[in-house]
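Understanding the architecture of this molecule
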Amino acid sequence: MAQGTVQVTHGGASRWRRRSGEYPTLGAALAVAGDGDVLSVAPGTYRENLVLRHAVTLRGPEGAAAGSVRIAPLDGVALTVRASAVVQDLYLEGADRAAPALLVEEGSPEFSDLRVHTRSASGIEVRGGARPLVRRCTVENPAGVGIAVLDGGGGVFEECEVVAAGQAGFSVRGGHPRLERCRIHHAVGAGIAVTGEGSGLEALGCEVYEIKGSGVQVAGRAAARLTDCSVHRTSGDGVTLDTDAVLALAGCDIHDIPENAVDLRSRSVLTLSRTTVRRFGRNGLSVWDPGTRVEAESCEIHDSTGDYPAVWISDGATASLKSCRLHDVPDALFVLDRGSRADVADSDLAQVRNTAVSVSDGATVRLEDCRIREAGTGAWFRDHGSGGTLSGCTVDGVQTGVIVSKGADPALERVVVTSAAEAGFYVSAGGRGTFTDCRVTGSSGFGFHILDGCRSTLTGCHTERCARGGYEFAEDGPFAEGCTGDEPGSRATAEAVAGAGARPGVRTVTAVQDLGERPAGGPGPAPLPEPRPREAAAPAGRGAGEVLGQLDALVGLDSVKREVRALTDMIEVGRKRQQAGLKAASVRRHLVFTGSPGTGKTTVARLYGEILADLGVLERGHLVEVSRVDLVGEHIGSTAIRTQEAFERARGGVLFIDEAYALAPEDSGRDFGREAIDTLVKLMEDHRDAVVVIVAGYTAEMERFLTVNPGVASRFSRTITFGDYGPQELLRIVEQQAEEHEYRLGEGTAEALLEYFTELPKGPAFGNGRTARQTFESMVERHAGRVAQLAEAGTDELTLLFPADLPVLPAPC
């Protein structure tokens, strides 16, 4: 594009004698222009470095196409503004990696409808005392910062867009800008970065998305406020605060974040109101370090896509949640480490797969008038020094209402647990706790289940309709006074405590039950909640014979079937010997499954659990499948918690750990996988009758796994090897798939499949049964593509699979 001319229209009474004129360059026009003059730039490309020192108006011609006026010097700053000028409808290009394309140094200029396309240090840079008003401007700078406000700069940016940035989209260091209805996306770095003492930013109605880094980053004593903003689709955390940062979020929406939605540490302070956090891969809210704190009101955190707690508070941080909702998450609130604290009031925690509130390592919580429903565990106080208060809370539709273990000592007042699948309140392993005016209704287990050695105190508590009884106490256990229950078949009576340890005037509740004779020795001291009732075993109604028949119907696996039958025969005979008053041989039921992927290990584990449930060895027989990511945490102490929770979910059934060797990588160093193994070994010993553990993986790797801990090999009774399927067995799987989906193999198809599976490369990607199923799915897809072209299709055409439907053999690895 050729360079045009510049029309200068003089303004102001002092220049009434001067005539307006045309100038060949912008530099020449600016040399004669003064305050109030208008410079109308003809379409063209101007290779000039412009400096505006007067309050002029610089604009493209009216009605011209966007981008028709290009300011594109070969180096340096394209446009420098040092006055309260007006700049409109220009296209700025920069090529200097050490300089911005547009530099605003002084005054209160106005910019509108600019497009900045550059590969420079920054697209727009505002510094000094400049306070520009920037409207409807677009910045694209894949080499540097989109917009930078530095060293006391400020201004207002309205409806602007950063469409690409090689660094931060919008960067503030020492400035105080305001953003209104701006969009910042496709930045490499933070979408918005506010850093350094004295830095500040206010954003209203803005959107930050498609960021390769954090969406919003505030650090180094900076402060920011975002109102009605959206942050989503980042590769890093959604919002991060660090080192005395202060941030307020009001009416914001943070979603589709693969990492932490909001992460803050090092004495940062976050205030949240009317803000939604959803679809996050790690923590919705992650709070670390002494002095770091969060205050949230009327917020919602939900729909986690990962396996991490929605709210994580540790290392002495504090959080306050008021009138908030946490739902559809693996865990709702985790508070850990001495000095960490969470205050939660008038809030809802619902649809929680594991634990709604977890308190450990000396942390404390205070929950007032909160509602917990549909969770694995309502609240779990895990260990010594952990405690706090629950007051006026309701817990409904959970597995276990409240667990207190390992010396934890919370105070619970007016807590109501309804419809628990297991115990309403469960205290084990030296847990304590004070329970005042608490109530359990409709529990499928006990109302209060307190094991030996737990010195809890109960005052004025009440139970109703608890299936196994209102109160189950060890003889030398809790102190109770004024507690009542009206469960059928049981009654709660108050008797004076006698003997050592009794306190004057304190009484203990004894449950008198019509449940038959209690086994000698009383209940075992297992620090896990009472098992679910037998009828909850899954799937219900199938006998061992039927399940063994299904095992026999599996393709191949002859040696596996023999091993499982031999093991179940040993267990069955042992049970009959016990019934006859004879000693039964001790049979360790934990197993090691070795072999390649797709050989049926998970299926056999599931059937094994059902068989043991029918034999009465397991309470439910359900299968809980986990891998390294489900057991190993990122921080000290979190791995043990995750492993314990996985073990608890499997209680009464089978815990199946796939690729178990990943817990002990050869170059592990300080890897937390060893902690998971150590925790698992202890749980298997302490609760040997509660859970059957099956570890699975490749043969060589599993041999190494069995040597990582002296107790690992001794916990497993035998190793069952699952061999690879041969071509004939793979053909049989395809035939079963075809029969199940109402297809038939046409003439020659079986022979073609045998040849296909014989020639199929058996490299690391070979999936055995999974490969056979994928082959069938590919045949169905190719069949559909063939039959869809027919004008009419009869039953044969719709059901017959022919050799032509086979997929192409992959190249050898």
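Residues numbered from 1 in each chain as written. Predicted model: local features only at pLDDT ≥ 70, side-chain atom pairs only at ≥ 80, totals over all residues. Heavy atoms only, no water.

**Details of the overall build of the chain**
- Each helix and strand counted, the chain has 13 helices and 68 strands in total.
- Expressed as a percentage of the 813 residues in the chain, the buried residues total 53%.
- Partitioning the intrachain contacts of the chain with sequence separation of at least 6 by distance along the chain shows that 52% fall at a separation of at least 24.
- Counting only carbon and sulfur atoms, one obtains 48% of the accessible surface of the chain, whose full area is about 33400 Å². (Helix = DSSP H or I, 4+ residues; strand = E, 2+ residues; numbered from the N terminus. Buried < 20%, exposed > 50% of the residue type's maximum accessible area, 1.4 Å probe, protein only. Contact = heavy atoms within 4.5 Å. Areas by Shrake-Rupley, 256 points an atom, 1.4 Å probe, with all protein chains shown as cover.)

**Focus: the state of the cysteines**
- All told, the structure shown has zero disulfides when counted by the stated rule.
- This cysteine, cysteine 206, is not joined by any disulfide, and cysteine 182 carries the nearest cysteine sulfur, 4.6 Å off.
- Look at cysteine 206 and you get buried, because its relative accessible area is 4%. (Disulfide = S-S within 2.5 Å.)

**Looking at the environment of glutamate 140**
- Secondary-structure assignment places glutamate 140 in strand E16 (residues 138-141).
- Once residues lying within four places of it in the same chain are set aside, the contact partners of glutamate 140 are Arg115, Val116, His117, Thr118, Val163 and Ala164.
- Side chain to side chain, glutamate 140 and histidine 117 meet in a polar contact 3.0 Å long. (Polar contact = N/O pair within 3.5 Å; in protein donor to acceptor, adjacent residues only side chain to side chain.)

**Digging into helix H11 (residues 749-759)**
- Here H11 has its buried residues at Thr749, Ala752, Leu753, Tyr756 and Phe757. For H11, the buried positions fall inside an angular range of 130 degrees around the axis, keeping them on one side. Of the exposed residues in H11, those oriented more than 90 degrees away from the buried face are Glu751 and Thr758.
- Buried-residue contacts for H11 involve helix H10 (727-740), strand E67 (744-745), helix H12 (769-787) and strand E68 (800-801). (Arc of directions from axis to C-beta.)

**Side note on the packing of H10 against H12**
- The contact between H10 and H12 brings their axes to 9 Å, and the two run at 50 degrees. One finds that H10 runs oblique with respect to H12. When the axes of H10 and H12 are compared, the crossing they make is right-handed. In this structure, H10 contributes Leu730, Ile733, Val734, Gln737 and Ala738 to the contact, and H12 contributes Gly769, Ala772, Arg773 and Phe776.
- Its residues assigned to classes, the contact of H10 with H12 comprises six nonpolar, two polar and one charged. (Axes fitted to C-alpha atoms, helices over the stretch in contact; angles between N-to-C directions. Parallel < 35°, antiparallel > 145°, perpendicular 65-115°, else oblique. Left-handed = near helix turned anticlockwise from the far one by under 90°. Nonpolar A, V, L, I, M, F, W, Y, C, P; charged D, E, K, R; others polar.)

**Describing the pairing of strand E28 (residues 230-234)**
- Most of E28 sits inside the fold, with four of its five residues counted as buried.
- In this sheet, E28 lies alongside strand E25 (residues 207-212) in parallel orientation, the contact comprising four bridges. From the neighbouring strand, isoleucine 211 faces E28, where its bridge partner is threonine 234.
- As paired strands, E28 and strand E31 (residues 253-257) are joined by three bridges and run parallel to one another. The residue bridging histidine 232 from the neighbouring strand is histidine 255, located in E31. (Pairing = 2+ DSSP bridges.)

**What to know about the sheet that holds strand E64 (residues 654-657)**
- Spatially, E63-E64-E65-E62-E66 is the arrangement adopted by the five strands of the open sheet, whose pairing is parallel. Each edge of the sheet is formed by a strand with only one pairing partner; in this case those strands are strand E63 (623-626) and strand E66 (718-722). Across the sheet, the mean angle separating the axes of adjacent strands is 20 degrees when strand polarity is ignored.
- Direction of pairing for E64 relative to strand E65 (residues 692-697): parallel, over a ladder of four bridges. Residue pairing for E65: valine 654 is matched across the bridge by valine 692.

**With respect to the packing of H10 against H11**
- It is the contact of H10 with H11, at a shortest axis distance of 9 Å, that shows an interaxial angle of 130 degrees. Classified by the interaxial angle, the pair formed by H10 and H11 is oblique. The two elements H10 and H11 meet at a crossing, and its hand is right-handed. The segment H10 lies against H11, with Pro727, Gln728, Leu730, Leu731 and Val734 engaging Ala750, Leu753, Leu754, Phe757 and Thr758.
- The class makeup of the residues in the contact of H10 with H11 is eight nonpolar, two polar and no charged.

**A word on unusual backbone geometry**
- The residue aspartate 228 is not glycine, and still its phi comes out positive at about 55 degrees.
- According to the relative accessible area criterion, aspartate 228 is partly exposed, its value standing at 41%.

**Notes on the pairing of strand E57 (residues 469-473)**
- The buried count for E57 comes to five of five residues, which makes it a mostly enclosed element.
- In this structure, strand E54 (residues 446-450) lies alongside E57, joined through four bridges in parallel fashion. The residue of E57 that forms the bridge with isoleucine 450 is phenylalanine 473.

**Concerning the pattern of salt bridges**
- Evaluation of the coordinates by the stated rule reveals 34 salt bridges.
- Between aspartate 263 and arginine 265 there is a salt bridge, and its shortest N-O distance comes to 3.0 Å.
- The exposure class assigned to aspartate 263 is buried, which follows from its relative accessible area of 5%.
- Close ionic contact of glutamate 368 with arginine 366 constitutes a salt bridge, the shortest N to O distance being 3.9 Å.
- Salt bridges sharing partners connect three or more residues here, namely Glu159, Arg178, Glu180, Arg181 and Glu202. (Salt bridge = Lys/Arg side-chain N within 4 Å of Asp/Glu carboxyl O.)

**Description of the environment of cysteine 466**
- Within the secondary structure, cysteine 466 sits in the loop between strand E56 (462-464) and E57.
- Residue classification places cysteine 466 among the buried residues on the basis of a relative accessible area of 2%.
- Sequence spacing of cysteine 466 and alanine 420 is 46 residues, and the spatial spacing of their C-alpha atoms is 9.1 Å.

**Observations concerning the side chain of glutamate 125**
- On the secondary structure map, glutamate 125 appears in strand E14 (residues 122-126).
- Engagement of the side chain of glutamate 125 in a polar contact is seen with the side chain of arginine 127, the distance being 2.5 Å.

**Brief notes about the packing of aromatic side chains**
- Per the counting criterion, the structure on display carries 10 aromatic pairs.
- For the ring pair phenylalanine 425 and phenylalanine 435, a centre distance of 5.4 Å and an interplane angle of 70 degrees mean the geometry is edge-to-face. You can see phenylalanine 425 sitting in strand E51 (residues 425-428) and its partner phenylalanine 435 sitting in strand E52 (residues 434-436), a full 10 residues away along the chain.
- Seen from their ring centres, phenylalanine 448 and tyrosine 471 are 5.5 Å apart, and the 5 degrees between their planes marks the pair as stacked. Taken together, the positions of phenylalanine 448 in strand E54 and tyrosine 471 in strand E57 put the pair 23 residues apart, joining distant regions of the chain. By the burial criterion, phenylalanine 448 is buried, and tyrosine 471 matches it.
- Pairwise contacts between aromatic rings join Phe425, Phe435, Phe448, Tyr471 and Phe473 into one cluster.
- Sitting over the ring of tryptophan 380, arginine 382 keeps its end group 3.9 Å from the ring centre. (Phe/Tyr/Trp six-rings, centres within 6.5 Å; stacked < 30°, edge-to-face > 60°. Lys NZ or Arg CZ within 6 Å of the ring centre and 35° of its normal.)

**Description of the environment of alanine 363**
- As for its position among the elements, alanine 363 is in the loop between strand E43 (348-360) and strand E44 (364-368).
- A relative accessible area of 0% places alanine 363 in the buried class.
- Other than its neighbours up to four places away in sequence, alanine 363 contacts Val335, Leu336, Asp337, Arg338, Ser340, Gly385, Ser386 and Gly387.

**What about helix H7 (residues 673-686)?**
- The end-to-end C-alpha separation of H7 is 20 Å, in line with the 20 Å expected for 14 residues at 1.5 Å each.
- Within H7, burial applies to Gly673, Ala676, Ile677, Thr679, Leu680, Val681, Leu683 and Met684.
- Tucked into the core, H7 has its buried residues touching helix H5 (628-631), helix H6 (638-649), E64, E65, helix H8 (699-705) and helix H9 (712-715). (Expected span 1.5 Å × (residues − 1).)

The quantities given are spatial measurements derived from coordinates; they are silent on function.
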